[in-house]
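Close look at the chain arrangement
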Amino acid sequence: MLTSKLPHVGTTIFTRMSQLAAETGALNLSQGFPDFDGPQALRDAVGRHIAAGHNQYAAMTGLPALREQVAAKIARCYGRSVSADAELTITPGATQAIFCAIQALIHPGDEVIVFDPSYDSYEPSVELAGGRCVHVPLALADFAIDWQRLQDALSPRTRLIILNSPHNPSGALISGAELDRLAALIRERDIYLISDEVYEHLVFDGVAHASVLAHEELYRRAFVVSSFGKTYHVTGWKTGYVVAPPALTAELRKVHQYVSFCGVTPLQWALADFMSEYPEHVEELPAFYQSKRDLFCDLLANSRFRFRRTTGTYFQLVDYSAIRPDLDDVAMAEWLTREHGVAAIPVSVFYQQPPAELRLVRFCFAKREDTLRQAAEKLCAV
């Protein structure tokens, strides 16, 4: 009889809520994807490259032209010069990049610190490598790192810390000062980092993203992961990348080549073309999504939900305790979907042990204006 290697893992909440939205005809503000297409020029480029015959395997490390464009963007945004050949790897999605980095680093018995609420792919990847996650809750009010809890969680077995900023699901940001504090805390320890920065260009209100790429000391022990899907509104392309010092990159590639070998070739060509022709896209992205955040929040201002405007990502948390405090957040998300026609994600699913008082759900505002207006009208009637 088969013994499951992931006995506690079922269908993800994202799939379940999207299915429920489809079954009930609800507006799907649950799963994190836009309901609009990526740039026309980017989509046109795919067809052009398919027609040109760019349909065979790309290099295992990624199309050289795309790696060079990413390196140029990193230099522009973070002031770091990275080798497109030795430090950059294109992957079929950021989740695969994170999986490969974990497999490259973690041995049986190693401990990995994750900050709750944390994205759901981290822990299964650690378990498959034989490691164990140590969950450190973020402060509930602002989802900031609790430094005493982090220090207490460190042990001789700690091998890896996974950061996520801008943070899913809360939208919270790690500051440059916090990165300095982290560097001081682990300076004398043999601990590595994975910095999940897939929402790196979705930071609002004039704040600059504090990337590990811009932190000289932390980058020496880090894998930094990002996503073309999030940046260019094409989540279904499942294309991402990981940046790491040469020795770490070499270990990651040993795993990557046996998981997928390479990413999808014509998509990489199209992204390389678009990044070359429209470098301003990433600079315009914060304002693009901030306008959607502000529209959604303005429309919810007269609702019974309570919230602070998110500082990053395309997710907005709302507190529903003034509406249905009798429901936990999973039941609340299902109730909103079935009874009010708007699907959300419960925040408790991102925790190992959610706080008993947690009454938060997550909405995705990467939607067309008419979708946001319809959703807000339904939510204001709750």
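Criteria and thresholds
Residues numbered from 1 in each chain as written. Predicted model: local features only at pLDDT ≥ 70, side-chain atom pairs only at ≥ 80, totals over all residues. Heavy atoms only, no water. Helix = DSSP H or I, 4+ residues; strand = E, 2+ residues; numbered from the N terminus. Rg over C-alpha atoms; globule rule 2.2 N^0.38 Å. Buried < 20%, exposed > 50% of the residue type's maximum accessible area, 1.4 Å probe, protein only. Contact = heavy atoms within 4.5 Å. Areas by Shrake-Rupley, 256 points an atom, 1.4 Å probe, with all protein chains shown as cover. Lys, Arg positive; Asp, Glu negative; His and termini not counted. Charge placed at Lys NZ, Arg CZ, Asp CG, Glu CD. Phe/Tyr/Trp six-rings, centres within 6.5 Å; stacked < 30°, edge-to-face > 60°. UniProt positions renumbered as here; feature names shortened; annotations may be inferred. Pairing = 2+ DSSP bridges.

As a further point, take the overall build of the chain. Across its full length, the chain carries 14 helices and twelve strands. Computed over C-alpha atoms, the radius of gyration of the chain comes to 21 Å, within 12% of the 21 Å expected from 2.2 N^0.38 for 382 residues, which places it in the range of a compact globule. The 382 residues of the chain split such that 56% are buried. Excluding contacts between residues fewer than 6 apart, the proportion of contacts in the chain whose partners are at least 24 apart in sequence is 76%. Summed over its atoms, the accessible surface of the chain is roughly 16,100 Å², and 51% of this surface lies on carbon and sulfur atoms. Within the chain, one finds 35 positive and 44 negative side-chain charges whose respective centroids are separated by 2 Å.

Considering all chains together, one arrives at 17 aromatic pairs under this definition. Consider the rings of Phe 204 and Phe 365, whose centres lie 6.4 Å apart with planes at 50 degrees: the pair is tilted. Within this pair, whereas Phe 204 is found in the loop between strand 6 (192-196) and helix 8 (216-219), its partner Phe 365 is found in the loop between strand 12 (360-364) and helix 14 (369-380), the two being separated by 161 residues in sequence. Relative accessible area serves as the criterion here: at 1%, Phe 204 is assigned to the buried category. Each ring, one from Tyr 314 and one from Phe 315, has its centre 5.2 Å from the other, and the planes form 80 degrees; the classification is edge-to-face. The pair formed by Tyr 314 and Phe 315 is uniform in burial state, with each residue classed as buried.

Per the UniProt entry, the sites bearing "domain: Aminotransferase class I/classII large" (unreviewed entry) are residues 27-379 in this numbering. For the annotated span residues 27-379, helix accounts for 40% and strand for 15% of the residues, and the straight-line distance between the end C-alpha atoms is 11 Å.

Moving on, we come to the pairing of strand 9 (residues 315-319). Across the five residues that make up strand 9, a large majority, four, are buried. Sheet topology note: the strand 9/strand 12 ladder contains five bridges and is antiparallel. Across the sheet, residue Phe 315 finds its bridge partner in strand 12, namely Cys 364.

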